[in-house]
Each structure stands twice: as C-alpha cells, then as structure tokens.
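Now for the letters of each chain:
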Amino acid sequence: FRTDRMKGIVIAAMLQSQQSWLPVLHEPVSFEEIMSQPPLAQQLIAYCGEGSKKIINELPSSPETRMLIGPEGDFTAEEIELALQNQYLPVSLGETRLRTETAGIVAASLLINK
C-alpha cells in the first residue's frame, strides 16, 4: 500500500468531480482491528453477497460514519457476520459491481451528496 499514491488518487478524484470535500484516507488496518474500535454513530458495510441491504444514498447523513468496503474478492462470510454482530448496517452502492479502489470513492460521494 503506497499512501502517497492513494492520497494523490483521492485528490485527483476530488478535483475531477469538482468536490470541495476531501475524504480522510487512513492506512490499511486488519479487519479484526476495525472491529475492536469504539463504535461510531453510523457504521456501514458494503459487500457483494446476497441479503437485505439499505441503499446508501437513502440513509440520513451523519458526521461520524465508518464505511467498510469489501476487498478484491469480497469479505468472507465470517467477516460479514462479525460486522453485523458489531452493529454494521449492510448497504448497497447500486446495481453495478465496482472495483475496490473506486467503490470507496463512490461511497464517499453518495454519503455527502444528499
């Protein structure tokens, strides 16, 4: 993971889409580490598997949102179950399956453009 490259991509995407809000990009952490962090007001998980999911841009805004985007190949069934047990709400980013590197940008855009 090259943080400098990823930050450059986020900045370029922000400028290209004419947004004035720059999402905070954190270093990657393990799934277990995320699950051990204190809960936020809104915790969302996007994955490709079946199940009932909320449409992300229909959710109310929250200044404290943690969004989990599935890795390439998606989360494991165990990871999804652990997230649900930790009060993560399953969400859909739309009908199209997105690449991991663009799904985060799409999610951030949908969350702020309400």
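Residues numbered from 1 in each chain as written. Predicted model: local features only at pLDDT ≥ 70, side-chain atom pairs only at ≥ 80, totals over all residues. Heavy atoms only, no water.

Visitor: Please clarify how the overall build of the protein chain should be interpreted in this entry.
Guide: For the protein chain, the helix and strand inventory stands at four helices and four strands. The helix and strand sequence of the protein chain, counted from the amino end, reads α-α-β-β-β-α-β-α. Compactness check: the protein chain gives a C-alpha radius of gyration of 14 Å against a globular reference of 13 Å for 114 residues, within 12% of the reference. Summarising its shape, the C-alpha atoms of the protein chain cover approximately 35 × 30 × 25 Å along the three principal directions. (Helix = DSSP H or I, 4+ residues; strand = E, 2+ residues; numbered from the N terminus. Rg over C-alpha atoms; globule rule 2.2 N^0.38 Å.)

Visitor: What is the right way to look at the sheet that holds strand S2 (residues 54-55) in this model?
Guide: By definition, the strands of a sheet pair up through backbone hydrogen bonds, in either a parallel or an antiparallel sense. Pairing is parallel in the open sheet, where four strands are placed in the order S2-S4-S1-S3. If you trace the sheet from one side to the other, it starts and ends with S2 and strand S3 (65-69), each paired once. The pairing of strand S1 (residues 42-46) with strand S4 (residues 89-92) spans three bridges and is parallel. Looking at the pairing, Ile45 lines up with Pro90 of S4. (Pairing = 2+ DSSP bridges.)

Visitor: Just checking my understanding: could you explain the environment of Ala83 for this structure?
Guide: Within the element layout of this structure, Ala83 appears in helix H3 (residues 77-85). Between the C-alpha atoms of Ala83 and Glu32, which are 51 residues apart in sequence, the distance is 9.8 Å. Ignoring anything within four residues of it in the chain, the contact list for Ala83 reads Phe31, Met35, Ile45 and Tyr88. (Contact = heavy atoms within 4.5 Å.)

Visitor: Where do I start with the side chain of Gln43 in this structure?
Guide: Position of Gln43 relative to the elements: it lies in strand S1. Setting aside anything within four residues of it in sequence, one finds Gln43 in contact with Pro38, Arg66, Asn86, Gln87, Tyr88 and Leu89.

Visitor: In this structure, what is going on with unusual backbone geometry? I would like to understand it.
Guide: Peptide bonds are trans in most cases, and residues, glycine excluded, mostly fall at negative phi. Its identity as a non-glycine residue notwithstanding, Asp74 has a phi of 80 degrees, on the positive side. Relative to the assigned elements, Asp74 resides in the loop between S3 and H3. On the accessibility criterion, Asp74 (19% relative accessible area) is buried. Of note, Gln87 is a non-glycine position whose phi angle comes to about 65 degrees, a positive value. (Buried < 20%, exposed > 50% of the residue type's maximum accessible area, 1.4 Å probe, protein only.)

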